Protein chains: 2
Amino acid sequence: MFDLIRVLKEKGYKVTPQRIAVYDLLKGTKEHPSADMLYNKLQPLYPTMSLATVYKSLEVFKELGLVQELNVGEDKFRYDANARQHPHITCSCCGKVEDVDDEMFFDLLEQVSQKTGYELVNQKLYFFGYCPQCQKNKVSGVS
Amino acid sequence: MFDLIRVLKEKGYKVTPQRIAVYDLLKGTKEHPSADMLYNKLQPLYPTMSLATVYKSLEVFKELGLVQELNVGEDKFRYDANARQHPHITCSCCGKVEDVDDEMFFDLLEQVSQKTGYELVNQKLYFFGYCPQCQKNKVSGVS
DNA sequence: TTTGCTATTGATAATAGTTATCTTCACAAT
DNA sequence: ATTGTGAAGATAACTATTATCAATAGCAAA
């Protein structure tokens, strides 16, 4: 199991309640929240926490390779406590962001590398469409 | 052949020298420029053109489906006069943005759609790595 | 446990890309 | 030619993010 506290200590970062709170919240959700979404959710429990602290915590986690930053075409970033690169899909109707199973992408990187001559180090794959839920609502909702 | 002037007229937009200039510049380059890169390149020929006009022109082109907006993880957008969705690759060393041939992606969308249940309408695929040029420089440059 | 060093927090100012506002201008239709 | 309207240019406003800085708190050493 992954232990934030150990990693922070190992790398010479201090263990603070704020960092633990931000990380735990991100770790425990699948909704790929943005910084201000995290901030708002933390407000009730940590009413003194600053938005800047949320940003700075995320910055540290990025450096440590504990989270990844997503850009799904909004004017802000979203964050994922699963730092392993994997594709995401966004519902153009409700704005939800979900993970996509990435088994099917294994060959892809090799192919891209061969075609382009690049030495690949990373990729960001975003898909957009209408989620099953919104497809239903669309059919039943509008006559 | 594609005719900007006709499309603008058809959709009720005015044909202006500024719009033509922005579009022609974007159409004629492969470097996927940002708004300010376009602005700077236009300065010598159109010294009175405003940055706001560049943005507004791009906005119109997006609406008309003539260009697409890219986000390769910078704090600004880049633009591509090829509005057909296709993957891009960015060199993490020199910052260059290039097109990737998308033949290999045809099955992918079907697979993603099946796995997720989404009705897909779009996708943004970004790859990151070191371009052939920077790989060479790296080897020969640093001893 | 106490002390002292220093990273971190919280509050807020600054930054930068983009968008909105508003006045003036250009062009098309009458 | 005149008039109406969309567009341009200049600049203010907006917003997510980053930088600044004094006060605080984690942590190592005594």
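Keep in mind that what you see is a predicted model, and the values were worked out from it rather than measured.

(A) Up close: the interface of chain B and chain A. Facing the 35 residues of chain B at the interface are 35 residues of chain A. Together, the buried faces of chain B and chain A total about 3,100 Å²; carbon and sulfur atoms form 68% of this surface. The largest per-residue losses of area from chain B upon contact with chain A belong to Met104, Tyr118 and Phe128 of chain B, which jointly make up 23% of the total buried on that side. Remark: the boundary between chain B and chain A carries two salt bridges. Linking Asp101 of chain A and Lys115 of chain B is a salt bridge whose minimum nitrogen-to-oxygen distance equals 3.1 Å.

(B) Examining the domain arrangement of chain A more closely. All names here are of chain A. The domains assigned to chain A are domain 1 (1–82) and domain 2 (85–143). For domain 1 and domain 2, the distance between their C-alpha centroids amounts to 23 Å. In this assembly, eleven residues from domain 1 lie in contact with eleven residues from domain 2. Buried area between domain 1 and domain 2, summed over both chains or domains, comes out near 830 Å², and the portion from carbon and sulfur atoms is 47%. Its largest share of buried area at the contact with domain 2, domain 1 owes to His32, Gln68 and Val72, together 51% of the area lost on that side. On the surface where domain 1 and domain 2 come into contact, there are zero salt bridges. In this assembly, domain 1 and domain 2 are joined by seven residue pairs in polar contact (both at pLDDT 80 or more). Of all the secondary-structure elements, those providing two or more residues to the side of domain 1 that touches domain 2 are strand S1 (68–70) and strand S2 (78–80). Broken down by element, the side of domain 1 that touches domain 2 gets its largest block of residues, three residues, from S1. The residue inventory of the side of domain 1 that touches domain 2, partitioned by class, reads two nonpolar, four polar and five charged.

(C) Structural view of the sheet that holds strand S3 (residues 88–91) of chain B. Reading across from one edge, S4(A)-S3(A)-S5(A)-S5(B)-S3(B)-S4(B) is the order of the six strands in this open sheet, with mixed pairing throughout. Two strands bound the open sheet, and with one partner strand each, they are strand S4 (97–99) of chain A together with strand S4 (97–99) of chain B. When the angles between neighbouring strand axes are averaged without regard to direction, this sheet yields 25°. Summarising the sheet, S3 of chain B and S4 of chain B pair through three bridges and their orientation is antiparallel. Across the sheet, Ile89 of chain B pairs through a bridge with Glu98 of chain B, a residue of S4 of chain B.

(D) Just the protein's contact with DNA strand C, in detail. Around DNA strand C, a shell composed of 17 residues is seen, among which Thr16, Arg19 and Lys56 of chain A together with Tyr55 and Phe77 of chain B lie nearest. Side-chain polar atom of Arg19 of chain A to a phosphate oxygen of DNA strand C: 2.8 Å apart, as the coordinates give it. Elements supplying a minimum of two residues to the surface near DNA strand C: helix H2 (17–27) and helix H4 (51–63) of chain A together with helix H4 (51–63) of chain B. Partitioned by chemical class, the residues of the surface near DNA strand C number six nonpolar, five polar and six charged.

(E) Seen up close, the protein's contact with DNA strand D. What surrounds DNA strand D is a group of 20 residues, the closest being Tyr55 and Phe77 of chain A together with Thr16, Gln18 and Arg19 of chain B. When the atoms of DNA strand D within 4 Å of the protein are grouped by moiety, sugar and phosphate amount to 68% of the total. In the model, a phosphate oxygen of DNA strand D is placed 2.8 Å from a nitrogen or oxygen of the Thr16 of chain B side chain. Side-chain polar atom of Lys56 of chain B to a base oxygen of DNA strand D: 3.0 Å apart, as the coordinates give it.

(F) Region of the structure containing the relation of the copies chain B and chain A. Mapping chain B onto chain A leaves a residual RMSD of 0.1 Å; the transformation is a rotation of 180° accompanied by 0.0 Å of translation along its axis. Given the turn and translation reported, the copies of this chain are related as if by a two-fold rotation axis. Distance from the rotation axis, computed per C-alpha, reaches its smallest value in chain B at Leu125 of chain B: 2.3 Å.

Rules and cut-offs
- Note on numbering: residues in each chain are counted from 1, in written sequence order.
- Chains carry letters from A onward and ligands carry numbers from 1 onward, assigned in written order.
- Side-chain atom pairs in this predicted model are given and counted only at pLDDT of 80 or more, local residue features only at pLDDT of at least 70, and totals for whole chains, interfaces and linings cover all residues.
- Note that water and hydrogens are dropped before the side-chain values are worked out from all heavy atoms of the structure.
- Whether two residues are in contact is decided by their heavy atoms, any of which lying within 4.5 Å being enough.
- Two parts lose some accessible area (1.4 Å probe) when they are put together, and adding that loss for both gives the buried area.
- One speaks of a salt bridge when a side-chain nitrogen belonging to Lys or Arg is within 4 Å of a carboxyl oxygen belonging to Asp or Glu.
- All domain edges in this entry derive from an automatic or database-based domain assignment.
- The term polar contact refers here to a pair of N or O atoms within 3.5 Å; inside protein, the definition further demands a hydrogen-donor-capable atom paired with an acceptor-capable atom, and it admits residues adjacent in sequence only when both atoms are side-chain atoms.
- Elements are defined by DSSP. Helices are runs of H or I of four residues or more, strands are runs of E of two residues or more, and each kind is numbered from the N terminus.
- Side-chain classes are defined by residue name, with Ala, Val, Leu, Ile, Met, Phe, Trp, Tyr, Cys and Pro counting as nonpolar, Asp, Glu, Lys and Arg as charged, and the others, Gly among them, as polar.
- We treat two strands as partners when DSSP finds at least two bridges between them.
- Axis definition: a line fit to C-alpha positions, over the contact stretch in the case of helices; interaxial angles, taken between N-to-C directions, run 0 to 180 degrees.
- A molecule or strand has a residue near it when one of that residue's heavy atoms lies within 4 Å.
- When the copies are superposed, the least-squares fit draws on C-alpha atoms of residues that have pLDDT of at least 70 in both.

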